[in-house]
Amino acid sequence: MNSALAKAFTEQAARHLQSDFLAKIRVCLEHLSEEDLWWRPNEHSNSVGNLLLHLCGNVRQWIQAGVGGEPDIRKRDTEFSTRQPVAKAELLQNLEKTVSEASAIIRRLGEEELLRPRRIQIYDVSALQAVFHVVEHFSYHTGQVIYVTKLRRDVDLQFYPELNDKKKRFEDISAW
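Basis of the calculations
- Residues numbered from 1 in each chain as written.
- Predicted model: local features only at pLDDT ≥ 70, side-chain atom pairs only at ≥ 80, totals over all residues.
- Heavy atoms only, no water.
- Helix = DSSP H or I, 4+ residues; strand = E, 2+ residues; numbered from the N terminus.
- Expected span 1.5 Å × (residues − 1).
- Core = buried A, V, L, I, M, F, W, Y, C linked by side-chain atoms within 4.5 Å.
- Buried < 20%, exposed > 50% of the residue type's maximum accessible area, 1.4 Å probe, protein only.
- Arc of directions from axis to C-beta.
- Contact = heavy atoms within 4.5 Å.
- Pairing = 2+ DSSP bridges.
- 1 Å grid on protein atoms, 1.4 Å probe; cavity = no way out; pocket = protein on both sides within 12 Å on 5 of 7 lines; lining within 4 Å.
- Points joined across faces, edges and corners; volume = space filled by probe spheres on them.
- Axes fitted to C-alpha atoms, helices over the stretch in contact; angles between N-to-C directions.
- Parallel < 35°, antiparallel > 145°, perpendicular 65-115°, else oblique.
- Nonpolar A, V, L, I, M, F, W, Y, C, P; charged D, E, K, R; others polar.

Asker: Provide a residue-level description of helix α7 (residues 127-153), including the pertinent values.
Answerer: The terminal C-alpha atoms of α7 lie 38 Å apart, and with 27 residues this matches the ideal 39 Å at 1.5 Å per residue to within 8%. Once α7 ends, the next one or two residues include Asp154, with phi positive near 45°.

Encoded structure:
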């Protein structure tokens, strides 16, 4: 790995978390009521509220603690067992803060730090693997939040409005 590649990786990872996944979750939360946030189809499924608690816990454990060296205060079981609704505004504020802090840590990682081994949960991983895990994990649960939003609200979330413009799509393809 070289410094340019390390910088490109960390910048893209932080951008995915903040400008892609978190942005999509914000849009979903605009459509979901407080009741929708804690709805679950059955006891073996998670509510959006539980998923947001889980994302905060996962990102904090893997990035802030595992990579950034902060204390690991995660209570993973509580992320899933919480049934007492936390307000939407509070959940979003906590997620935004967590992602912002994690993104700052990720952006500071250089080549040597990315390759340095760490122990996170029960896993021996490099910081690069930890960042890759968090981005993939966040993406996965963002998809679940989107699905529940569409299921509950029957709405087109318009994440890619430019793709609805057939003329623009044709021009973009022609430019290849």
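After that view of the structure, there is still more to cover.
Asker: Break down the nonpolar core for me, with residues and values.
Answerer: Within the largest apolar cluster, 42 residues are counted, with the highest numbers of intra-cluster contacts made by Leu52, Leu95 and Phe138. Elements supplying a minimum of two residues to this core: α1 (3-31), α2 (34-38), α3 (48-65), α5 (88-108) and α7. Counting residues per element, this core draws most heavily on α7, which supplies 9 residues.

Asker: Break down α5 for me, citing the residues and quoting the values.
Answerer: For α5, built from 21 residues, the straight-helix expectation of 30 Å at 1.5 Å per residue is met to within 8% by its first-to-last C-alpha distance of 30 Å. Every buried residue of α5 is accounted for by Lys88, Leu91, Leu92, Leu95, Thr98, Val99, Ala102, Ser103, Ile105 and Ile106. On an axial view of α5, the arc spanned by its buried residues comes to 160°, and they lie on one face. Counted as exposed and oriented over 90 degrees from the buried face of α5: Ala89, Gln93 and Arg108. Those residues of α5 hidden inside the fold are in contact with α1, α2, α3 and α7.

Asker: Now, about the pairing of strand β2 (residues 123-126): what can you tell me, with residues and values included?
Answerer: Side chains on a regular strand alternate between the two faces of the sheet. Two elements, strand β1 (residues 117-120) and β2, share 4 bridges in a ladder whose sense is antiparallel. Its bridge partner lying in β2, Ile120 is registered against Tyr123. Linking β1 to β2, which pair antiparallel, is a turn of 2 residues; within it Gln121 sits at a positive phi near 55°.

Asker: How would you summarise the layout of surface pockets if you had to cite specific residues and measurements?
Answerer: Its volume calculated, the largest pocket comes out at about 270 Å³. Lining the largest pocket are 14 residues, with Leu53, Cys56, Gly57, Arg60 and Glu79 positioned closest to its centre. Of all the secondary structure elements, the ones that give two or more residues to the lining of the largest pocket are α3, α4 (76-81) and α5. Considering each element in turn, the lining of the largest pocket owes the most residues, 4 residues, to α3. Each pocket or cavity is described by its volume, and for the second largest pocket that value is around 180 Å³.

Asker: A description of the packing of α3 against α7 should follow, citing residues and the corresponding values.
Answerer: Relative to each other, α3 and α7 sit at 175°, their axes nearing to 10 Å. Of the possible angle classes, the one that applies to α3 and α7 is roughly antiparallel. Each of Val48, Leu51, Leu52, His54, Leu55, Asn58, Val59, Trp62 and Ile63 in α3 lies in contact with α7, whose residues at this interface are Ala130, Val131, His133, Val134, His137, Phe138, His141, Gln144, Val145 and Val148. Across the contact of α3 with α7, the residue classes break down as 13 nonpolar, 6 polar and no charged.

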